[in-house]
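# Commentary on secondary and tertiary structure
Below are the chains, spelled out letter by letter.
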Amino acid sequence: MSQGAARPPAQLPSNFDAWLLDCTPAPNCAVCAANWRQLTASKQSGDITQAARHATEIRDHASGVHASPTN
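Conventions and cut-offs
- Residues numbered from 1 in each chain as written.
- Predicted model: local features only at pLDDT ≥ 70, side-chain atom pairs only at ≥ 80, totals over all residues.
- Heavy atoms only, no water.
- Helix = DSSP H or I, 4+ residues; strand = E, 2+ residues; numbered from the N terminus.
- Buried < 20%, exposed > 50% of the residue type's maximum accessible area, 1.4 Å probe, protein only.
- Contact = heavy atoms within 4.5 Å.
- Expected span 1.5 Å × (residues − 1).
- Arc of directions from axis to C-beta.
- pLDDT = per-residue confidence, 0-100.
- Core = buried A, V, L, I, M, F, W, Y, C linked by side-chain atoms within 4.5 Å.

### Some remarks on the overall build of the protein
If you tally the helices and strands in the protein, you get three helices and zero strands. When the elements of the protein are put in sequence order from the N terminus, they spell out α-α-α. Per-residue burial for the protein yields a buried fraction of 20% across its 71 residues. A fraction of 52% describes how many contacts in the protein between residues 6 or more apart in sequence connect residues 24 or more apart.

### Description of helix α2 (residues 30–45)
For α2, with 16 residues, the first-to-last C-alpha span of 23 Å sits near the 22 Å given by 1.5 Å per residue. By the burial criterion, the buried members of α2 are C32, N35, L39 and S42. Seen from one end, α2 has its buried residues packed into an arc of 90 degrees, which puts them on one side. Away from the buried face of α2 by more than 90 degrees, exposed residues A30, R37, Q44 and S45 are located. One or two steps after α2, the chain reaches G46, where phi turns positive at roughly 90 degrees.

### Digging into the confidence of the model for the protein
Summing up the model confidence of the protein, the mean pLDDT is 81 and the portion of residues at 70 or higher is 79%. The lowest-confidence element of the protein is helix α1 (residues 16–20), averaging 78 in pLDDT; the highest-confidence one is α2, averaging 93.

### What to know about the nonpolar core
Side chains of a nonpolar character, in soluble globular proteins, are inclined to be buried together. Core analysis: the biggest nonpolar cluster contains seven residues, these being L21, C23, L39, A51, A52, A55 and I58. Top element by residues in this core is helix α3 (residues 48–64). It accounts for four residues. Excluding anything up to four places from it in sequence, A52 contacts L20 and L21.

### Section: α3
A rise of 1.5 Å per residue sets the reference length of α3, with its 17 residues, at 24 Å; its end C-alpha atoms lie 24 Å apart and thus fit the reference within 8%. Three or more residues of α3 are buried, namely A51, A52, H54, A55, I58 and H61. Turning to α3, the residues buried within the fold contact α1 and α2.

### As for the environment of H54
Inspection of the secondary structure assignment puts H54 in helix α3. Separated by 31 residues in the primary sequence, H54 and C23 place their C-alpha atoms 9.4 Å from one another. Look past the residues within four positions of H54 in its chain and what remains in contact with it is N35, Q38, L39 and S42.

In structure tokens:
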């Protein structure tokens, strides 16, 4: 491979995207809903990297802000 040549995209295992994008927005949350819309748009445009960022935001937000106290 010559210097500066583009590498082919990595081939991920089948169903990897489903695992990567697995998240559930909290009901009635504007932040989760906005991230869900952006995740869907990114997924439809084929930008899995951006979709994964939104899925991470949803998981982090839902498990942080919306998490139930455990006492």
